[in-house]
Structure formats: C-alpha cells, structure tokens
Amino acid sequence: MKQAIDRLTERLDGLMPTTALVLGSGLGNLAEQVEDAIRVPHSELPGFPKSGVTGHVGEVVAGKFAGQPVLMLSGRAHYYEHGDAAVMRPVIETLAGLGVNKLILTNAAGSLDPDMPPGSVMLITDHINFSGSNPLFGEPSDRRFVGLTEAYDAGMRSAFEKAAKATHTQLHKGVYMWFSGPSFETPAEIRMARLFGANAVGMSTVPEVILARFFGLRVAACSVITNLAAGMTGAELSHQETKDMAPLGGARLATVLKYVFRKGLLDG
Ligand code: HPA
C-alpha cells in the first residue's frame with residue numbers, strides 16, 4: 001500500500017483529512033461539492049480497484065467539504081464485481097496509512113418498510129452479513145477476529161442524529177442486510193430479511209465496515225433508499241431506478257453531512 005499512500009501524500013500537498021467518505025451508487029455528485037478539489041483517479045493508485053459499475057467514477061477527491069478537510073472516494077468496488085469481499089482492502093488500508101481515522105460509508109439500498117420510502121435516509125445502526133463471505137477470509141493474524149459489537153460508532157451516530165435534528169431532516173435508523181448481488185433479492189428473501197430484523201437491503205458497505213474496524217477506523221454508514229424491496233410493489237427492480245432515485249435521498253444526506261462537517265461534530 002506504500003505506493004498509494006506516498007502518491008496520495010504527494011498529491012494532497014499538506015492537506016491532512018482525518019475523515020473519509022465512500023460515495024455509493026448515484027451519490028457521486030457529493031464529490032462535486034468538494035472545494036479546492038484534488039482529483040486522483042484510481043488508475044494512478046496501485047492496488048486501488050477499478051469499478052465498472054455505472055454511476056461509480058473511480059477516483060479519490062480530496063479538499064474541503066463545508067470548510068473541513070475531507071477525502072471522498074467516488075466509486076467503490078463491489079464483491080459482486082470481483083467475487084472477492086476484500087476488494088476494498090487496499091483502499092481502507094491506504095486511508096488508515098494516511099492518518100484517516102473516521103470512515104463514513106454511503107450506499108443505495110432497498111427498504112423493507114413502506115414508511116421508509118424512496119428518498120429516505122437511514123442511519124445504519126447494525127448489519128447482518130448474509131453474503132456468506134467476509135473480507136478477512138485468509139487473513140493469517142489473530143487480528144482477524146474483529147469484534148463488531150460496536151461496529152457503528154456511537155459518537156459518530158449521535159453526530160448524525162444531532163445534525164438531522166438541527167437541519168429538520170428526517171433520519172431513519174435501522175439494520176442493513178448485505179446480500180452479495182448482483183441480482184436483486186427475491187420476494188421470499190425479502191420476507192426472510194424482515195423476519196431476521198433487517199430494515200434495508202443492499203450489496204455493499206458491510207465488507208468495508210469489517211475492513212475499517214480491522215484497521216482501527218471508526219465507522220458511520222448511511223443508506224439512501226432508492227426503492228421498496230422486491231415484492232413490495234409488484235414492480236421489477238433495476239439499477240437504472242437505483243441511479244435515478246439515489247439523488248433524492250442524496251440531497252437529504254448532503255444536508256446532514258454538511259452540518260456534521262461545518263460544526264465539526266466528528267472531532268473529539
Ligand atoms: N436490493 C439490493 N441492493 C439495492 C437495492 C435493493 O432493493 N436498491 C438499491 N440497492
């Protein structure tokens with residue numbers, strides 16, 4: 001990871017963000033709100049994965065967001081692209097090596113609750129790993145036994161809740177269940193997910209949470225709801241819908257994030 005860390009250190013030219021944000025499907029326009037943006041394509045960063053998913057650009061955007069230093073990752077790679085849950089490991093390891101100690105993950109997700117419709121934002125309180133995979137498969141050290149009891153940092157969560165309240169933005173809270181994708185779930189799987197206690201389903205985030213905890217980063221994660229999950233409306237799901245609907249919740253999420261950054265709620 002040394003090459004990527006050195007390259008970014010050089011390009012960042014003294015900017016030392018301690019918070020990084022991973023932008024999910026359809027949320028890439030948040031990166032356009034970075035001031036004095038320094039853009040580094042993944043192709044310049046050894047070990048960084050290429051994402052072929054439309055709606056994901058594949059670059060690191062560093063600069064100021066609401067006046068605070070930030071590093072945004074526009075475009076993540078997914079388990080379903082590579083069949084490797086550890087595909088984001090070099091990225092998270094690089095962030096840790098750069099001195100980033102807080103990671104905010106965002107994603108597009110399907111809702112299991114009609115009262116949390118498309119356009120809603122859900123702060124993830126916990127997750128269910130239903131993929132059968134884990135990014136720490138093969139990790140030889142005993143550090144692989146990462147505790148996930150407090151995976152979603154209480155302090156960061158309360159910062160988001162405070163910001164939502166102050167900006168009069170509705171922020172749902174719930175459990176995110178990770179399916180491998182890339183096919184969407186079946187209605188029967190969604191009924192199972194509900195019985196298991198999930199509130200939203202998606203194809204990302206969980207491996208990055210596990211990796212971030214492995215590398216000692218504090219984590220917060222938010223889902224923007226792009227659809228009601230399979231079988232809930234009778235309509236077929238599509239990636240086009242995900243991309244079309246994400247900006248709706250994305251605007252809400254941006255409002256909350258800006259307040260969090262402007263007020264420095266994650267510091268300390
Ligand atoms: N399921 C899985 N992933 C998703 C969904 C969904 O319904 N919507 C957006 N990403």
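Every value quoted in this text rests on a predicted model; they were computed, and no experiment measured them. (Residues numbered from 1 in each chain as written. Predicted model: local features only at pLDDT ≥ 70, side-chain atom pairs only at ≥ 80, totals over all residues. Heavy atoms only, no water.)

K.L.:
Provide a residue-level description of the side chain of Asp-153, including the pertinent values.
P.N.:
The residue Asp-153 is located in the loop between β6 (121-129) and α4 (154-166) in this model. At a separation of 3.1 Å, a polar atom in the side chain of Asp-153 contacts the side chain of Arg-218. Once you skip the residues sitting within four places of it in the chain, Asp-153 turns out to touch Arg-218 and Val-219. (Helix = DSSP H or I, 4+ residues; strand = E, 2+ residues; numbered from the N terminus. Polar contact = N/O pair within 3.5 Å; in protein donor to acceptor, adjacent residues only side chain to side chain. Contact = heavy atoms within 4.5 Å.)

K.L.:
Describe the site of the ligand, listing the residues and the values that go with them.
P.N.:
As a matter of local geometry, the ligand sits amid Ala-108, Ala-109, Gly-110, Phe-184, Glu-185, Val-201, Gly-202, Met-203, Thr-226, Asn-227, Leu-237 and Thr-242. Side-chain polar atom of Thr-226 to a nitrogen atom of the ligand: 3.4 Å apart, as the coordinates give it. Protein contact buries 96% of the 260 Å² of open area that the ligand shows by itself. One can see that the ligand is located within the largest pocket. Among the elements of the structure, β5 (102-111), β8 (200-202) and β9 (218-228) are those that each provide at least two residues to the shell around the ligand. The element that contributes the greatest number of residues to the shell around the ligand is β5, accounting for three residues. (Near = heavy atom within 4 Å. Areas by Shrake-Rupley, 256 points an atom, 1.4 Å probe, with all protein chains shown as cover. 1 Å grid on protein atoms, 1.4 Å probe; cavity = no way out; pocket = protein on both sides within 12 Å on 5 of 7 lines; lining within 4 Å. Sits in = over half its atoms within 2 Å of the grid points.)

K.L.:
Summarise the nonpolar core; cite the residues concerned and give the values.
P.N.:
In globular proteins that are soluble, nonpolar side chains generally tend to be buried together. In this structure, Leu-8, Phe-48, Val-60, Leu-71 and Leu-103 are the most contacted members of the largest nonpolar core, which totals 47 residues. With six residues, the top contributor of residues to this core is helix α6 (residues 206-214). Counting 32 residues, the second-largest nonpolar core is a separate cluster that includes Phe-65, Leu-123, Phe-160 and Ala-163. (Core = buried A, V, L, I, M, F, W, Y, C linked by side-chain atoms within 4.5 Å. Buried < 20%, exposed > 50% of the residue type's maximum accessible area, 1.4 Å probe, protein only.)

K.L.:
Any chance you could break down the pairing of strand β7 (residues 172-178) for me, citing the residues and the numbers?
P.N.:
Judged by how many residues are buried, β7 sits mostly within the fold: six of seven residues are covered. Two strands pair when backbone bridges link them, and β6 and β7 are joined in this way by seven bridges, in the parallel orientation. Residue pairing across strands places Met-122 opposite His-172, the latter belonging to β7. Here three bridges tie β7 to β8, and the two strands are oriented parallel to one another. When the sheet's bridge partners are listed, Tyr-176 is paired in β8 with Ala-200. What joins β7 to β8 is helix α5 (residues 187-196), and the crossover it makes is right-handed. (Pairing = 2+ DSSP bridges. Right-handed = clockwise from strand over helix to strand, strands pointing away.)

K.L.:
Could you give an account of the pattern of salt bridges, with specific residues and numbers?
P.N.:
Taken as a whole and assessed by the stated rule, the structure comprises nine salt bridges. Among the salt bridges present, the one from Asp-153 reaches Arg-218, with a minimum N-O distance of 3.1 Å. With a gap of 65 residues between them, Asp-153 in the loop between β6 and α4 and Arg-218 in strand β9 connect regions that are remote in the sequence. Arg-218 sits in the partly exposed class, given a relative accessible area of 25%. (Salt bridge = Lys/Arg side-chain N within 4 Å of Asp/Glu carboxyl O.)

K.L.:
Account for the pairing of strand β3 (residues 59-65), naming residues and giving values.
P.N.:
Of all seven residues in β3, six are buried; the element is thus mostly enclosed. Summarising the sheet, strand β2 (residues 35-41) and β3 pair through five bridges and their orientation is antiparallel. Bridged to Val-40 within β3 is Val-60. Counted between consecutive antiparallel strands, the loop separating β3 from strand β4 (residues 68-74) contains two residues, among which Ala-66 sits at a positive phi close to 50°.

K.L.:
With reference to specific residues and values, describe the side chain of Ser-204.
P.N.:
Assignment of secondary structure puts Ser-204 in the loop between β8 and α6. A distance of 3.5 Å separates polar atoms of two side chains, one belonging to Ser-204 and the other to Arg-76. Setting aside chain neighbours within four positions, we find Ser-204 in contact with Arg-76, His-78, Asn-107, Tyr-176 and Trp-178.

K.L.:
Go over empty space enclosed by the protein with me, naming the residues and quoting the values.
P.N.:
Under the defined criterion, the tally for this structure stands at one cavity of 30 Å³ or more. A volume near 50 Å³ is recorded for the largest cavity. Lining the largest cavity are 13 residues, with Ala-77, Tyr-79, Met-88, Pro-207 and Glu-208 positioned closest to its centre. The element contributing the most residues to the lining of the largest cavity is α6, with three residues. Each residue belonging to the lining of the largest cavity can be placed in one class, and the counts come to eight nonpolar, three polar and two charged. (Points joined across faces, edges and corners; volume = space filled by probe spheres on them. Nonpolar A, V, L, I, M, F, W, Y, C, P; charged D, E, K, R; others polar.)

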